[in-house]
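# Summary of the model geometry
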Amino acid sequence: MREGEGGSERAAVGEDELGVRLKAYEGRAAAVAGTGKDPVNMPMIRHWCEAMGDTNPAYAGPDAMAPPTMLQAWTMGGLSGHEGRTGDYDELLGLLDDAGCTSVVATDCEQEYVRPLRPGDEITFDTVIESVSQRKTTKLGTGYFVTTRTDIRAKQALDAPTTPTTPTTPTTPAFVGPLVGTHRFRILKYAPAHRDHKPPPRPRPVVNRDNAGFWEGVQHHRLLIQRCTDCTTLRFPWLPGCNGCGGPDWDTVEASGEGTVYSYVVMHHPPFPAFSPPYAVALIELAEGVRMISNVVGAPCDKVRIGMPVRLEFQSYDDELVLPVFRILEDAA
Ligand code: ZN
């Protein structure tokens, strides 16, 4: 189904030839004869009700029914997935990916309930690609809404005596029971809107009356450590009182700038707009004995190791923001 290289595919999006190709998938099956991994059962119902905070007595006791909104839960394949999924839905998504609509967001879900489900009921389901929209432009970007509809059927425990047992194969449902409900799920598959604005600035430190002296020092490229004037204990971060003796009075000493990596993590995820992962965040032990969290620079983040010697420097991030960072000494990297 693919044709051409990226350029012509982008042109197809422009003329919405893609939309015509996508429309051809309407009515095709996305899953055939799926089978619920477990019959409707009380443990799943109980967990659901606890998670939702739903204490309706109809969902407990010997005559319990399943909450109707659990409908989709009975069809979920979990990590191991389901048999019965067709290639058509993946092919449709692949066409959208190739056209640059690589992002996806679930937009809404509708359910219709026909019959209640009770413990012991066994589930089968079929999913069809119900509709593909015209090309739409939203705040997120331009793309297509794709709606799938899953029809859920059940061999109901109460029906069992009258339902003949039939031999089963992996691709044939054990039964075709009455419809209990339908579940419609709509996604927007889109090409993200281009945003021209600059990345957001790095977050500002929270400066308050307890730590204002520290940040003033940083502005002057001095790393100041608080020292209790009663017992001379050093402390960092800045605090209003001494952890050693409780004394409220303090002065400062300026850090020499020598230190070692006491511990570290390498941040990969979640991404934050003002930062470019991966990067190392380290707990630095200063030569004076106190520790502070900072960034480590001067070596790839996967080369950072506990115990590496580092030296303080001050890095300007924009017109206002200066932060202390620690550079790995060359012979250590
Ligand atoms: Zn003290």
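Per-chain numbering applies: the sequence of each chain, read as written, is numbered from 1 onward. Restriction of local features to residues with pLDDT of at least 70 applies here, the model being predicted, together with a cutoff of 80 or more for giving and counting side-chain atom pairs; totals for whole chains, interfaces and linings are based on all residues. Neither water nor hydrogens contribute to the side-chain values; these are computed over all heavy atoms in the structure.

What follows covers the overall build of the protein chain. For the protein chain, the helix and strand inventory stands at 5 helices and 14 strands. Per-residue and other accessible areas were derived by the Shrake-Rupley procedure at a 1.4 Å probe size, with only the shown protein chains allowed to occlude residues. Of the roughly 19100 Å² of accessible surface on the protein chain, a fraction of 55% belongs to carbon and sulfur atoms. Numbering of helices and strands starts at the N terminus; helices are DSSP runs of H or I of at least 4 residues and strands are runs of E of at least 2.

We now examine the coordination of the zinc ion. Note that water is not among the atoms considered, so a metal site may appear incomplete; the donors listed are N, O and S atoms within 2.8 Å of the metal, with 3.2 Å applied to Na, K and Ca. Surrounding the zinc ion are the protein donor atoms C228 (SG), C231 (SG), C242 (SG) and C245 (SG), at 2.3 to 2.4 Å. By the criteria applied here, four donors are tetrahedral when all angles lie between 85 and 135 degrees, four are square planar and six octahedral when opposite donors are over 155 degrees apart and every other angle lies between 65 and 115, and any other arrangement is irregular. Seen from the zinc ion, its 4 donor atoms lie at angles of 101 to 115°, and the figure they make is tetrahedral. On the accessibility criterion, C245 (42% relative accessible area) is partly exposed. Burial classification: accessible surface area is computed with a 1.4 Å probe over protein chains only, and a residue below 20% of its type maximum counts as buried, one above 50% as exposed, and the rest as partly exposed.

On to helix α4 (residues 87-98). A helix's residues, less one, multiplied by 1.5 Å, set its expected span. When the terminal C-alpha atoms of α4 are compared, their 16 Å separation across 12 residues agrees well with the 16 Å that a helix rising 1.5 Å per residue should span. Looking at α4, one finds that the buried residues are Y89, L92, L93, G94, L95 and L96. Trailing α4 by a residue or two, G100 shows a phi angle of about 95°, which is positive.

To continue, consider the sheet that holds strand β13 (residues 309-316). At least two bridges found by DSSP between two strands are what make those strands a pair. Spatial strand order, β10-β11-β12-β14-β13: 5 strands in a closed barrel with mixed pairing. Adjacent strand axes in the sheet meet at a mean angle of 50° when their direction is disregarded. Both β13 and strand β14 (residues 322-328) contribute to a ladder of 7 bridges, which runs antiparallel. Each residue of the ladder has a partner; that of V310, found in β14, is I328. Here, residues are in contact when the closest pair of their heavy atoms is within 4.5 Å. With axes taken as lines fitted to C-alpha atoms, and helix axes fitted only over the stretch in contact, angles between N-to-C directions fall between 0 and 180 degrees. Where helix α5 (residues 212-219) meets the sheet, it contacts β13 and β14, and its direction lies at approximately 65° from that of β14.

Residue P237 is bonded to the preceding F236 through a cis peptide linkage, with omega at 0°. With respect to the helices and strands, the residue P237 is situated in the loop between β8 (234-235) and β9 (250-254). In the segment running from P277 into P278, the intervening peptide bond is cis, with an omega of 0°. Mapping P278 onto the fold places it in the loop between β10 (258-267) and β11 (279-286).

With respect to the element layout, F275 can be found in the loop between β10 and β11. The contacts of F275, once residues within four sequence positions are left out, are R202 and P203.

Our focus in this paragraph is the nonpolar core. Nine residue types can take part in a nonpolar core, namely buried Ala, Val, Leu, Ile, Met, Phe, Trp, Tyr and Cys, and a core is a set of them joined through side-chain atoms within 4.5 Å. Ranked by size, the top nonpolar core spans 30 residues in total, and within it L223, I284, L286 and F326 carry the most contacts. Not counting residues within four places of it along the chain, the set of residues in contact with I284 comprises G259, T260, V261, Y262, V290, R291, M292, V296, V310 and F326. Judged by nonpolar contacts, the second largest core, of 17 residues, contains A73, W74, F125 and V180.

The pLDDT value expresses, per residue, how confident the predictor is, ranging between 0 and 100. Taken over all residues, the pLDDT of the protein chain has a mean of 87, while the share at 70 or more is 88%. In this model residues 1-13 is a low-confidence stretch, pLDDT under 50, and it forms 18 contacts with partners more than four residues away in sequence or in other chains. In the predicted structure, residues 159-173 sits below a pLDDT of 50 and forms 9 contacts with residues beyond four places in sequence or in another chain.

Quick look at the side chain of R184 now. Among the secondary structure elements, R184 is positioned in strand β6 (residues 179-192). Polar contact is defined as a pair of N or O atoms within 3.5 Å, subject to the rule that within protein one atom must be able to donate a hydrogen and the other to accept it, and that residues adjacent in sequence are counted only when both atoms are side-chain atoms. Among the polar contacts made by the side chain of R184, one reaches the side chain of E112 at a distance of 3.0 Å. In this view, R184 contacts D108, C109, E110, E112, E130, T147, T148 and R149; residues no more than four positions away in its chain are not counted.

This part takes up helix α3 (residues 42-52). One side-chain oxygen at the N-terminal end of α3 lies 3.0 Å from the backbone nitrogen of M44; it belongs to N41. Phi for G53, located one or two positions after α3, is positive at around 70°.

Here we take up the packing of aromatic side chains. For this analysis, a ring pair means two rings from Phe, Tyr or Trp (six-membered ring only for Trp) whose centres lie within 6.5 Å, classed as stacked if their planes differ by under 30 degrees, edge-to-face if by over 60, and tilted for the remaining angles. Overall, the coordinates contain 6 aromatic pairs when judged by the stated rule. Judged by centre distance (5.0 Å) and plane angle (80°), the rings of F214 and W215 are edge-to-face. For the ring pair W238 and W250, a centre distance of 5.1 Å and an interplane angle of 65° mean the geometry is edge-to-face. Of this pair, W238 sits in the loop between β8 and β9 while W250 sits in strand β9, and the two are 12 residues apart along the sequence. Each residue in the set F214, W215, F236, W238 and W250 is aromatic and connected to the rest through ring pairs, giving one cluster. By definition, being over a ring means that NZ of Lys or CZ of Arg is both within 6 Å of the ring centre and within 35 degrees of the ring normal. A cation over a ring is seen here: R28 above Y25, with NZ or CZ 4.2 Å from the ring centre. Residue placement shows R291 over the ring face of Y262; its charged tip is 3.6 Å from the ring centre.

Strand order in the open sheet made by the 3 strands is β8-β7-β9, with antiparallel pairing throughout. Pairing within the sheet leaves two strands with one partner each, and these edge strands are β8 and β9. In this structure, strand β7 (residues 224-228) lies alongside β9, joined through 5 bridges in antiparallel fashion. By the bridge assignment for β9, R227 is matched with D251.

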